Structure formats: structure tokens, C-alpha cells
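Structure at a glance
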Amino acid sequence: MIDLKSMSQQEMTDLLRSMGQPAFRGRQVFTWLHRGAQSFEEMSNLPKSLREQLQAECLISVPKAARKQLSRQDGTMKYLWELADGNCIESVLMRYHHGNTVCISSQVGCRMGCAFCASTIAGKVRDLTPAEMLDQVLFTQMDSGLEISNIVLMGIGEPMDNLNTVLKFLELVNHPDGMNIGMRHISLSTCGVIPGIERLAALGLQLTLSVSLHAPDDETRSKIMPVNRAYPVDELFAACHNYFQKTGRRISFEYAMIDGVNDHDWQADLIAKRLKGMPGHVNLIPLNDVVESPFKPSKRTAAFQKRLESHGLTATVRRSLGGDIDASCGQLRRKAMEEAKKGEVSQ
């Protein structure tokens, strides 16, 4: 079966032409799908014969909201989406004064192995399709009734580990006949996969690149982020400097504050040294307490921020949202997996 929603408008037009249809049918089908049509019967401006042919040869991805949690603290909404094959992924809708932001997943699970992250505990299952990424934005908007204005690719998975799909998703969600969300309203996060950073630099997309740094030295970073053994800190910062030179886009560096691990003054000084000559924003993240992790939230976040600012850096502390609904990456999926296992054992 053909996954229509993963196709660009041109690909869809070519497909319909091969079915003997005029070119404008491609735009019609594309628009229906990107407005959330869940069946071909809904596409009322298509001939019945075409709808029947599409029904026989194509599929429309429709995720099921397996779980939905609403924070009483700040209105954050978390979705656990069940995909067609039974796998689950997470999306989080966050409300800010500047608009509504959805954080989406790029993979089922993750193979990067970051020691403080719940997403990677069970490893990677598979990559998502462009349609499955788009559906998270589209169906979150439809279910919540809130218009999505911003997207962050910081959910389950490493976007650079599924980059071809991610680039196709960006093309789809940016399309004027689709959701039409501009690149400057999209942030893409990586744990430091250098080939992906280099490819993005060459493309010159006007999105915001976020690098999950979490330590500025190889010894610490390799302990908590296995990716550093393949792409050491010196090479990572060289790639970041090159990215800025080619795109002119400031990079945001994500930094989870871990007690006694990466919150020392000398590490703040080293960050400043490595960022010299490049504007960078350091986003300090209060660590989420993951049950399986031995790491605890730092008590020095304010002091670390002040130290960074003393070097002239822009440093902010991320506001914690959805603390009462497992809003951290991978927590809800992990809980659902554990409950499923318990159910299997009890049967």
C-alpha cells in the first residue's frame, strides 16, 4: 500500500497522473490529507471512481491517542500515540505567550544511550515515516483545538539518525498548501551527530539547531553520552562553528544540570572558551528525575548560569512544564510498556 501522506505534493501529482488523472488532483488530495482527512470518502471533490482506486491502492495514516494527560499546573498536554503497527510514541503540547509549541518524536525508541534520558532505556525499535511525524503535529492540533505555531524535534529519538525522513517532514509541514509552519518556527535537536550537522549546514535551512551538549569535556560527556565516543567535543564544536559560518544561525546548546557531574565552575568556563567567536545560547535544563537513573538534579543551576553570564554568554533556565504528567521525554511510553509487560505476566 502507498503511504500517501509521506509524499510531497509533486510526488502525489505524479502518482495521480500515472492513474490517468489531471495534475490538479494531486493538490486536492494533498490539501485534504494535510487538513486531517482520515478517509478517502471525505474527499468530496474527487470523483467516486478515483476515491475507490485510492482506497484500494493507498493508505492514510491515522494515529490513535492511546493516552492523553493534561497538566493542572500549566495546561501542558501529553499524548501517547499508538501507530498502525502497535508501537507508541509521544508528543507534548506546550502553551507559551508567543504561541503553542508541539514537541514531537522522530523514532520509536532511541539508540543513543544517553544515561539520563528515559527515551533510550529500551533502545531503538524503528524510524518513523514522514507521515507519522506530520501526524503528531496535525492530530495534536485537531484533538486539542489549539493552533500549532511552533515545532520542536526533541521528543523520542535522534533526528539526525533519521535525517532523510526528518527533511521530508520539514518539506511537508512547511508547504503552503499544508500546515504552512515556517522554518524559523521549527527547532531541531541533536545529541551531536556531526554528519547530520554538516548536512544541515550545507542545506542552509532557516530552522533553529539545538545541540544537546550536557558537558563541555570529553571525559564527562563520554560517560553520560556514548555518542561522544564517535564524535568528540572538539569535533562537535568545530562542526558548530562551521554551521554558524555557513548559515548565520545562532545555535542553542541544551544543558541538563546534573548534580556533581557537569555543574562545576570550570565546566562553565570551558563552555565559554569553546563558544568564543560564535554567538550561542546556553539553555540550562533542570534534570528530570528518571527512576532508573542514578543522576540527580543539580543544586547549582543559578550559580552555573551566573558563571556563564560573567563570560558574556546568554544563558537561560528552561521553565519546567508538565511535571505532574510525565511530560519528560520517554516517560509515558516507558510507563505504558511496563504496564503492558505486567499484563502479559499476569495472564
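Structural notes, computed from the coordinates. Just so it is clear, the structure is predicted and the values come from calculations on it, not from any experiment. (Residues numbered from 1 in each chain as written. Predicted model: local features only at pLDDT ≥ 70, side-chain atom pairs only at ≥ 80, totals over all residues. Heavy atoms only, no water.)

**Examining the layout of surface pockets**
Space inside the second largest pocket adds up to approximately 200 Å³. In terms of lining residues, the second largest pocket is bounded by 14 residues, among which Leu 59, Ser 61, Ala 84, Thr 129 and Glu 132 are the most central. With three residues, helix 4 (residues 130–144) is the largest single contributor of residues to the lining of the second largest pocket. (1 Å grid on protein atoms, 1.4 Å probe; cavity = no way out; pocket = protein on both sides within 12 Å on 5 of 7 lines; lining within 4 Å. Points joined across faces, edges and corners; volume = space filled by probe spheres on them. Helix = DSSP H or I, 4+ residues; strand = E, 2+ residues; numbered from the N terminus.)

**Focus: the environment of Tyr 255**
Along the polypeptide, Tyr 255 turns up in strand 12 (residues 251–257). Here Tyr 255 falls in the buried class, since its relative accessible area comes to 0%. Once the C-alpha coordinates of Tyr 255 and Val 211 are considered, the two residues, 44 residues apart in sequence, prove to be 8.8 Å apart. Contacts of Tyr 255, omitting those with residues within four sequence positions, involve Leu 213, His 214, Ala 215, Pro 216, Asn 262, Gln 267, Ile 271, Val 282, Asn 283, Leu 284, Ile 285 and Phe 304. Here Asn 262 takes part through its backbone oxygen, which lies 2.7 Å from a polar atom of the side chain of Tyr 255. (Buried < 20%, exposed > 50% of the residue type's maximum accessible area, 1.4 Å probe, protein only. Contact = heavy atoms within 4.5 Å. Polar contact = N/O pair within 3.5 Å; in protein donor to acceptor, adjacent residues only side chain to side chain.)

**Concerning the packing of aromatic side chains**
For any pair of aromatic rings, the description consists of the separation of the ring centres together with the inter-plane angle of the planes. One pass over the full model with this rule turns up three aromatic pairs. With 5.6 Å between their ring centres and 15° between their planes, Phe 237 and Phe 253 make a pair best called stacked. Of the two residues, Phe 237 sits in helix 9 (residues 233–247) while Phe 253 sits in strand 12, which places them 16 residues apart along the sequence. For Phe 253, a relative accessible area of 2% gives the class buried. Relative to Phe 304, the ring of Tyr 255 has its centre 5.3 Å away and its plane inclined at 20°; by these criteria the two rings are stacked. Here the residue Tyr 255 occupies a position in strand 12, and Phe 304 occupies one in helix 11 (residues 301–310), the gap between them amounting to 49 residues. One exposure class covers both Tyr 255 and Phe 304, and it is buried. (Phe/Tyr/Trp six-rings, centres within 6.5 Å; stacked < 30°, edge-to-face > 60°.)

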